[in-house]
Amino acid sequence: MILNAPFLLFALVAVWATFMVVTRAVAIHALLYLVVALLALACIFDVLGAPFAAILEVIVYAGAIMVLFVFVVMMLNLGRPDRLRENTWITPRTWVGPGILAALLLAALADALAMAPPDGGPVVVIDTRQVGLALYGPYVLMVELASFLLLAGLVSAFRIGRHIRGEDAP
């Protein structure tokens, strides 16, 4: 059995970041760790030979969906006042976890680039028409249901957040 060092490093980062997601008390910190976990999963896809899946992971999940989540958390604004929260960011202890994650990802990326073949392997061209047909052909109903589910979650979170702060509208 041959161990692939980049795969193991990316897997370690993904598992640790996911553990940090479920153990953080502050929602925005959990979301930032979730971004790291999703980026590590994209790196795993790339190491396994699926660069298109890796790019889609970054664009769809780490990009669009996470922007939506961060927007909802910022819209609800249920945390401590900004000044108190930002004062804790300047302590060195706060930067140990992100620093370790960044170092592990950098080491895995350097190792993956060093092991990459110089010719880059065979190139398969996939145009946007094929991607669109694959996503919105047989799965159009599922894509639309997922968008409605996200919209319902956004509206519900906004309503609950307004209710908790006492800003109920008639």
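The structure displayed is predicted, hence computed values, not measured ones.

Visitor: How should I be thinking about the UniProt feature "transmembrane region" (unreviewed entry) in the chain in this particular structure?
Guide: Mapped onto this structure's residue numbering, the UniProt feature "transmembrane region" (unreviewed entry) falls at residues 6-23, 30-52, 58-78, 99-116 and 136-158. Summarising residues 136-158: 87% helix, 0% strand, and an end-to-end C-alpha distance of 29 Å.

Visitor: Explanation requested: a nonpolar patch on the surface in the structure shown.
Guide: Together, Leu135, Tyr136, Tyr139, Val140, Leu141, Met142 and Leu145 line one region of the surface with nonpolar side chains, adding up to about 710 Å² of accessible area. Elements that contribute at least two residues to the nonpolar patch include exactly α6 (128-136) and α7 (140-165). The residue Tyr139 is located in the loop between α6 and α7 in this model.

Visitor: When you look at the packing of aromatic side chains in this model, what are you seeing that I'm missing?
Guide: Two numbers describe a pair of aromatic rings. These are the distance of the centres and the angle of the planes. Applying the stated criterion to the full structure yields one aromatic pair. Between Trp16 and Tyr33, the aromatic rings sit 6.4 Å apart at their centres with planes inclined by 85°, giving edge-to-face as the arrangement. Here Trp16, found in helix α1 (residues 5-23), pairs with Tyr33, found in helix α2 (residues 27-47); they are 17 residues apart in sequence, far enough to count as distant. The buried category is assigned to Tyr33, whose relative accessible area is 13%.

Visitor: I tried to follow the layout of surface pockets on my own but got confused; where do I start?
Guide: In this approach, a probe sized like a water molecule rolls over the atoms, and the result shows the empty space that is left. In this model, the second largest pocket occupies a volume close to 370 Å³. Along its surface, the second largest pocket is lined by 14 residues, and Leu56, Val60, Tyr61, Leu135 and Val143 are the ones closest to its centre. Only α3 (51-76), α6 and α7 provide two or more residues apiece to the lining of the second largest pocket. For the lining of the second largest pocket, the element with the highest residue contribution is α3, accounting for seven residues. Taken together, the residues of the lining of the second largest pocket break down into 12 nonpolar, one polar and one charged. No fewer than three residues from each of domain 1 (1-93) and domain 2 (127-164) sit in the lining of the second largest pocket.

Here is what the cut-offs are and how they apply
Chains are numbered independently. Their residues run from 1 in the order of the written sequence. Selection of residues for local features in this predicted model requires a pLDDT of at least 70, selection of side-chain atom pairs for listing and counting requires 80 or more, and totals for whole chains, interfaces and linings are taken over all residues. Side-chain numbers come from the whole structure's heavy atoms, not from hydrogens or water. UniProt positions are given in the numbering used here, feature names are shortened, and annotations may be inferred rather than shown by experiment. Runs of E in the DSSP output that reach at least two residues are strands. Runs of H or I that reach at least four are helices, and both are numbered from the N terminus. Residues qualify for a patch when their relative accessible area is over 30% and they have no salt bridge, like charges being joined within 9 Å and the nonpolar side chains of Val, Leu, Ile, Met, Phe, Trp and Tyr within 5 Å. For every accessible area listed, the method is Shrake-Rupley and the probe measures 1.4 Å; residues are considered covered only by the protein chains on display. A pair is scored as a salt bridge if a Lys or Arg side-chain nitrogen falls within 4 Å of a carboxyl oxygen belonging to Asp or Glu. Any Phe, Tyr or Trp ring, taking Trp's six-membered ring, that has another such ring centre within 6.5 Å forms a pair; planes under 30 degrees apart are called stacked, those over 60 apart edge-to-face, and the others tilted. Burial classes: relative accessible area under 20% of the type maximum marks a residue as buried, over 50% as exposed, and values in between as partly exposed (1.4 Å probe, protein chains only). Here a cavity denotes grid points, spaced 1 Å and computed from the protein atoms alone, that fit a 1.4 Å probe unable to get out, and a pocket denotes an open set having protein on both sides within 12 Å along at least 5 of 7 lines; residues with an atom within 4 Å of a point are the lining. Grid points are joined across faces, edges and corners, and a volume is the space filled by probe spheres set on the points. Polar here means any residue other than Ala, Val, Leu, Ile, Met, Phe, Trp, Tyr, Cys and Pro, which are nonpolar, and Asp, Glu, Lys and Arg, which are charged; Gly is therefore polar. Note that the domain bounds reflect an automated or database-derived domain assignment.

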